[in-house]
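# Coordinate inspection notes
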Amino acid sequence: GSVNLHPDWGTEPTYGIPYVVVNGGQPLVNLNLGAYGNESDPGPMPIPSSAPIEGGSSSTGDRHVLVLDNGNCFLYEMYNASPNSDGSWNADSTAVWDLLGNEQRPYTWTSADAAGLPIFPGLVRYDEVAVGKIQHAFRFTLPKSSAAFIPPASHWAATSSDPTAPPMGMRLRLKSSYDISAFSTQMQVILMAMKSYGLILADNGSALFVTGVSDSRWGSDLDSLKTVPASAFEVVQMTPVYTSANYPTGSVPTISGFTASATQISSGGSVTLSWNVAGDDYVIVSPGLGAVHATSVTVNPKATTTYTLYATNQYGRTTATVTVSVS
C-alpha cells in the first residue's frame, strides 16, 4: 500500500521528543551506562532530575532525554534513560555533542539514535515554525534499513538484508515540483524545509514518521501533512555509502600529557589537572568534571581519586589517567 508522511508529534506532552535547556550552573550528576556503554560518553552530565523523558516517566519506548547546556555549549542525549533517587541517571547509550565544533560520532558507534546522529538538531520545533523559516533537515524513521550508513551518520542497526533497504543517514527531499500552496502558512514552513534540507534517516520505526517536539501551540493543521505521499519525495544522491568492509579508519586522538599539579594532597586541598590533546573533537574528564572546552581545571578531591581523560574523534577514543592521593 501507499505510505504518506506522518508528523510524529503534537500537542500532547508525551507525544514527540522533548528537550530541556539548562544554564552553565546546572549540577553535574553521575551516569550508569547500560547496553551500549562502550560506545557511550561517561558522566557526569548536567541532567536535571526533572528532565522530560520521551513518552513520559512510565514509557516503555525509547525514553530519549535531551539536555541542551546553553552556558557551556554542549548537547547531551540519552537513550532508554531513567532517573534514580540519588540524582544519577541510568541510560543504555549516551552522546555528548560539542556545539562549538563539527563533531561526528566515531565510525560504527551509535549515539542516542541508531544512526549515530544527534537528535535535537533534527526535530521540528514550534518556535522555528513561528519564526517562518527552518534551516535544517528533519529526523525520520523507516521500518527497514541495511547494514550501512552515509555520513554524517556513523552507525547502522540493520533490520533487513534486502539490497534495496536504505542505509542510515539516507537523505530524502520533497520534490521542488510538489505543490504546497494549499497548506497553511505554518505547514508551508515545514514543507519548504523538506524541499530545501530534506529528511535524514535516523532510526528504525514506522514508515515516513518525522519527529518533532510536542507543543500546546500546534494546531489541527498538523494533520494536513499526512496527505503528502511518499512519492512526493526523492532520494538525494547517496555517496559515500559505508559498510563494515569500507568505512574510514584513521588516527585516534593523541594525549601527550595528562598531569596533576600535585599527586598527593592533604584533605581539603585542591589540585590542577592539565592535559595536552591533539586530533580530538571533544574531551571528557571523569569523575567530577564531564565535558569541557578547557585544557586545565582545578579539582578538590575528597578522597584518593583516579581521574580519566577521554579524548574522542571520528576514528575512536583515547584515554589517560592520573591518580591524586588524599591523606
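One structure accompanies this document, and this report is about it. Computed from a predicted model, the values in this text were never measured in an experiment.

Here we come to the overall build of the protein chain. Within the protein chain, the regular secondary structure consists of two helices and 21 strands. The C-alpha radius of gyration computed for the protein chain amounts to 21 Å, which stays within 12% of the reference 20 Å derived for 327 residues, consistent with globular compactness. Summarising its shape, the C-alpha atoms of the protein chain cover approximately 70 × 45 × 35 Å along the three principal directions. In the protein chain, the share of contacts with a sequence separation of at least 24, taken over all contacts with a separation of at least 6, comes to 66%. When the accessible surface of the protein chain is split by element, carbon and sulfur atoms take 48% of a total near 14200 Å².

On strand E10 (residues 171–174), burial follows the alternation: Leu-172 and Leu-174 on one face are buried, whereas Arg-171 and Arg-173 on the facing-out side are not. Here E10 pairs with strand E11 (residues 199–204) via two bridges, running antiparallel. Following the sheet pairing, Leu-172 is matched in E11 by Leu-199.

Turning our eyes to something else, we now look at the pattern of salt bridges. One pass over the structure, following the stated rule, counts nine salt bridges. Here Arg-139 ties to Asp-113 by a salt bridge, and the two come within 2.7 Å at their closest N and O atoms. On the criterion of sequence distance, the pair formed by Arg-139 in strand E9 (residues 138–142) and Asp-113 in the loop between strand E8 (93–98) and helix H1 (126–131) is long-range, its members being 26 residues apart. Classification of Asp-113 by relative accessible area gives buried; the value is 1%. Through salt bridges with shared partners, a single ionic network connects Asp-41, Arg-105 and Arg-317.

Overall, mixed pairing links the six strands, which are arranged E1-E12-E9-E11-E10-E13 in an open sheet. Among the strands making up the open sheet, the edge pair consists of strand E1 (6–8) and strand E13 (233–235). Between one strand axis and the next, the sheet turns through 40° on average, direction left out of account. Summarising the sheet, E1 and strand E12 (residues 209–211) pair through three bridges and their orientation is parallel. Bridge pairing in E12 places Asp-8 opposite Thr-211. The strands touched by helix H2 (residues 185–196) are E9, E10, E11, E12 and E13; relative to E10, the strand with the most contacts, the crossing angle is about 125°.

This next bit is on the environment of Ser-286. Mapped onto the elements, Ser-286 comes out in strand E17 (residues 282–286). Judged by relative accessible area, Ser-286 falls into the buried class, the value being 15%. On a C-alpha basis, the gap between Ser-286 and Pro-253 in space is 17 Å, while along the polypeptide they are 33 residues apart. Those residues in contact with Ser-286 that sit more than four places away from it in its chain are Gly-43, Pro-44, Thr-306, Tyr-307, Thr-308 and Tyr-310.

A separate point is the packing of aromatic side chains. Applying the stated criterion to the full structure yields ten aromatic pairs. Taking the centre distance of 5.9 Å and the plane angle of 40° together, the rings of Tyr-107 and Tyr-315 count as tilted. With Tyr-107 in the loop between E8 and H1 and Tyr-315 in the loop between strand E20 (305–313) and strand E21 (316–326), this pair connects stretches of sequence that are 208 residues apart. We classify Tyr-315 as partly exposed; its relative accessible area is 32%. Between Phe-258 and Trp-275, the ring centres sit 6.3 Å apart and the planes meet at 65°, which makes this aromatic pair edge-to-face. In this pair, Phe-258 is assigned in strand E14 (residues 254–260) and Trp-275 in strand E16 (residues 271–278), connecting sequence segments 17 residues apart. The pair Phe-258 / Trp-275 is uniform in exposure class, with both members buried. An aromatic cluster of three or more residues is present, and its members are Tyr-107, Phe-149, Trp-156, Tyr-242 and Tyr-315.

What follows concerns the nonpolar core. In this structure, Ile-190, Met-194 and Leu-199 are the most contacted members of the largest nonpolar core, which totals 43 residues. Breaking this core down by element, the ones donating at least two residues are H1, E9, E10, H2 and E11. In terms of residue count, the dominant contributor to this core is H2 (six residues). Beyond its immediate chain neighbours, meaning those up to four positions away, Leu-199 contacts Leu-5, Phe-138, Phe-140, Met-170, Arg-171, Leu-172, Met-194, Leu-208, Val-210 and Phe-233.

Cis geometry marks the peptide bond from Pro-151 to Pro-152, where omega comes out at 10°. Along the chain, Pro-152 turns up in the loop between E9 and E10. The amide bond that connects Thr-239 to the next residue, Pro-240, takes the cis arrangement and shows omega of -10°. Relative to the assigned elements, Pro-240 resides in the loop between E13 and E14. The phi angle at Thr-108 is positive, at roughly 80°, despite the residue not being glycine. Here Thr-108 shows up in the loop between E8 and H1.

An α-helix turns once every 3.6 residues. As a result, residues three or four positions apart point the same way. Across its twelve residues, H2 extends 16 Å between first and last C-alpha, which sits within 8% of the 16 Å expected from 1.5 Å per residue. Turning to H2, its buried residues number three or more, namely Met-187, Val-189, Ile-190, Leu-191, Ala-193, Met-194 and Lys-195. Lining the buried residues of H2 we find H1, E9, E10, E11, E12 and E13. Immediately downstream of H2, the backbone of Gly-198 shows phi near 80°, a positive value.

Procedures and definitions
- Sequence order as written defines the numbering, with residues in each chain counted from 1.
- In keeping with the predicted nature of the model, local features appear solely for residues at pLDDT of at least 70, side-chain atom pairs appear and are counted solely at 80 or more, and the whole-chain, interface and lining totals rest on all residues.
- As a rule here, side-chain values come from all non-hydrogen atoms in the structure, and water together with hydrogens is ignored.
- Secondary structure is summarised from DSSP: a helix means a run of H or I of at least four residues, a strand means a run of E of at least two, and numbering begins at the N terminus for each.
- What the globule rule says is 2.2 Å times the number of residues to the power 0.38, and the radius of gyration is computed from C-alpha atoms.
- Throughout, a residue-residue contact means that at least one pair of heavy atoms, one from each residue, lies within 4.5 Å.
- Only the protein chains shown count as covering a residue, and every accessible area follows the Shrake-Rupley method with a 1.4 Å probe.
- Per-residue accessibility, obtained with a 1.4 Å probe over protein chains only, is compared with the maximum for each type, and a residue is labelled buried under 20%, exposed over 50%, and partly exposed between these values.
- In this analysis, strands are considered paired if DSSP registers two or more bridges between them.
- The rule for a salt bridge is simple: a side-chain nitrogen of Lys or Arg has to be within 4 Å of a carboxyl oxygen of Asp or Glu.
- Interaxial angle, 0 to 180 degrees, is taken between N-to-C directions of lines fitted to C-alpha atoms, where a helix line uses only the stretch in contact.
- Here is the rule: rings of Phe, Tyr and Trp (six-membered ring for Trp) pair when centre to centre is within 6.5 Å. Planes less than 30 degrees apart are stacked, more than 60 are edge-to-face, and the remainder are tilted.
- Here the nonpolar core consists of buried residues drawn from Ala, Val, Leu, Ile, Met, Phe, Trp, Tyr and Cys, with membership extended through side-chain atoms lying within 4.5 Å.
- Working rule for helices: expected span equals 1.5 Å times residues minus one.

None of the figures reported here should be taken as evidence of function without further support.
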